[in-house]
Amino acid sequence: MIELRSDTFTLPTKEMLEAITGAVLGDDVYAEDLTVKELELLAANMLGKEAALLVPSGTMANLISLMVHCPRGSKVLVGDETDIYIYEAGGASVCGGIIYEAIPTQADGRLLIEDLAKGFPEDPGDPQFALPSLICLENPHNRMGGRVLPLCYLNDVQAFAKSKGVPVHMDGARLFNAAVALGISVKEIAKYADSLQFCLSKGLSAPIGSMIVGSKAFIEKGYRLRKMLGGGMRQAGVIAAPAILSLTRMVDRLADDHSNARQLAVGLSAIEGIQCDATIVDTNIVFFKVIDKRFTWQTFVELAKSVGVNLAELGHGRIRAVTHSGVSEEDIETALTKIRHVMENGLVTQSNL
């Protein structure tokens, strides 16, 4: 099966699995796991921040970050197509008493400054209005096709946030993909946000975990919230050991995923009945639509799976394909061949492959 549903399906390398068995372990709730400490220091240094915190998931990382930044009853300005708003179970409202204000998301993932400005009341002293405490950006932007936010835009948002006296949090689940796509250090992106989270378990190929980075005071508050939310882990070095290899060995290879995604998008755009814009593929995510009336997205996904290509719908009837370390250039060509046959024949058998 060629797995294109998500880069969360990556498997750890042999070297990562071997690192687990040799990791120096301690109780991380007592802050005594030396391998976790090594990982947190590495992450903080790579992003140019004072401190970092290992947590089990990106959802928890974002939730902790929002709860540190936002007092109960305040608002967070967040895109209406972001993962925080759509896929994270309303955790900031349920656990933190924080109000989401959904800002229109542009096709390239940006939240326009004029739209963000509308989230601030004209009279901040009016007790009827909840005040924004945080602006959230997603970079790269998942549901907008893995688009990377330009540095000039990040600079504008940072300046606007400072003028309003609020911080910026970046959901950078695939942050290293953004850095590789721009050909810059991840630190150059991180400087535009007060806090960030990134996932270790997507393109970086670690089996589990996400990192929060920010100031020392921010991380200290996050440490307590991690415990409150059930994320305090004991001998967490078994997670940290492969994650260290993710950050030291797996970053540069993300360029291969981007190349494979562009190859896939170009191939899809040439297949009759499929609509795909290859010019907007920035990272490892490809979106396309099946416009042939013989298919619904459901029947297309089922047929693709039946011939060995796993795909998934991700909003508005669009199919998402995500490249990763488990998908080779040859796999992309095979997937295109199978998809082409599905579109030509409605169903493909082994005999005509």
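Residues numbered from 1 in each chain as written. Predicted model: local features only at pLDDT ≥ 70, side-chain atom pairs only at ≥ 80, totals over all residues. Heavy atoms only, no water.

**Observations concerning the overall build of the protein**
For clarity, the threshold we go by: Helix and strand definitions follow DSSP, with helices as H or I runs of at least four residues and strands as E runs of at least two, each counted in order from the N terminus. Radius of gyration: C-alpha atoms only; globule rule: 2.2 Å multiplied by the number of residues to the exponent 0.38. In this scheme, a residue with accessible area under 20% of its type's maximum is buried, one over 50% is exposed, and one in between is partly exposed, where area comes from a 1.4 Å probe on protein chains only. Contact between two residues is taken to exist if any of their heavy atoms lie within 4.5 Å; hydrogens are not considered. When charges are counted, neither His nor the chain ends are considered; positive counts come from Lys and Arg and negative counts from Asp and Glu. Where a charge sits is defined by one atom per residue type, namely NZ (Lys), CZ (Arg), CG (Asp) or CD (Glu).
Of regular secondary structure, the protein possesses 14 helices and 13 strands. Against the 2.2 N^0.38 benchmark of 20 Å for 353 residues, the protein shows a C-alpha radius of gyration of 21 Å, consistent with a compact globule. By residue count, 56% of the 353 residues in the protein fall in the buried class. At a minimum sequence separation of 6, the contacts of the protein that also span at least 24 residues come to 74%. In the protein, 33 side chains carry a positive charge and 42 a negative one; their mean positions are 3 Å apart.

**A word on the pairing of strand S7 (residues 195-199)**
What counts, and what does not: Should DSSP find at least two bridges between two strands, the strands are regarded as paired.
With respect to burial, S7 is a largely interior element, five of its five residues being buried. With burial as the criterion, each face of S7 is covered, one bearing Ser195, Gln197 and Cys199 and the other bearing Leu196 and Phe198. For strand S6 (residues 168-171) and S7, the ladder comprises three bridges, and the chain directions are parallel. Pairing of Met170 across the sheet is with Leu196, part of S7. One ladder, built from four bridges, connects S7 with strand S8 (residues 210-214); its direction is antiparallel. The partner of Cys199 across the bridge, within S8, is Ser210.

**Let's talk about the environment of Glu101**
Formally: Under the rule applied, a polar contact is a pair of N or O atoms within 3.5 Å (in protein, one hydrogen donor and one hydrogen acceptor; residues adjacent in sequence only if both atoms are side-chain atoms).
By the element assignment, Glu101 lies in strand S4 (residues 99-103). On the basis of relative accessible area, Glu101 is assigned to the partly exposed category, the value being 23%. The sequence separation of Glu101 and Tyr85 amounts to 16 residues, and the corresponding C-alpha distance is 9.1 Å. Among residues more than four places away in sequence, those in contact with Glu101 are Lys75, Val76, Leu77, Val78, Lys118 and Gly119. A polar contact is formed between the side chain of Glu101 and the side chain of Lys75, at a distance of 2.4 Å.

**Concerning the sheet that holds S8**
Heads up, the condition is: Axis geometry follows a simple rule: fit a line to the C-alpha atoms, using only the stretch in contact for helices, then measure angles between N-to-C directions, giving values from 0 to 180 degrees.
Across the sheet, which stays open at both edges, the seven strands sit in the order S2-S8-S7-S6-S5-S3-S4 with mixed pairing between neighbours. The sheet is open, and its two edges are formed by strand S2 (51-55) and S4, each paired on a single side. When strand polarity is set aside, the average angle formed by the axes of neighbouring strands in this sheet is 20°. Where S2 meets S8, five bridges bridge the pair, whose relative direction is antiparallel. Within the sheet, the bridge partner assigned to Val55 lies in S8 and is Ser210.

**Section: the side chain of Ser133**
Relative to the assigned elements, Ser133 resides in strand S5 (residues 132-138). Those residues in contact with Ser133 that lie beyond four places of it in its chain are His69, Cys70, Pro71, Ser74, Lys75, Val166 and Pro167.

**Here we look at the sheet that holds strand S9 (residues 274-275)**
Spatial strand order, S9-S10-S13-S12: four strands in an open sheet with antiparallel pairing. This sheet does not close on itself; its edge strands, each paired only once, are S9 and strand S12 (312-313). Taken together, the four bridges between strand S10 (residues 285-290) and strand S13 (residues 319-322) define a ladder with antiparallel strand orientation. By the bridge assignment for S13, Phe287 is matched with Arg320. Sheet contacts for helix H13 (residues 297-306): S10, S12 and S13; angle to S13, the most-contacted strand, approximately 35°.

So far we have only geometry, and geometry alone does not tell us how the molecule works.
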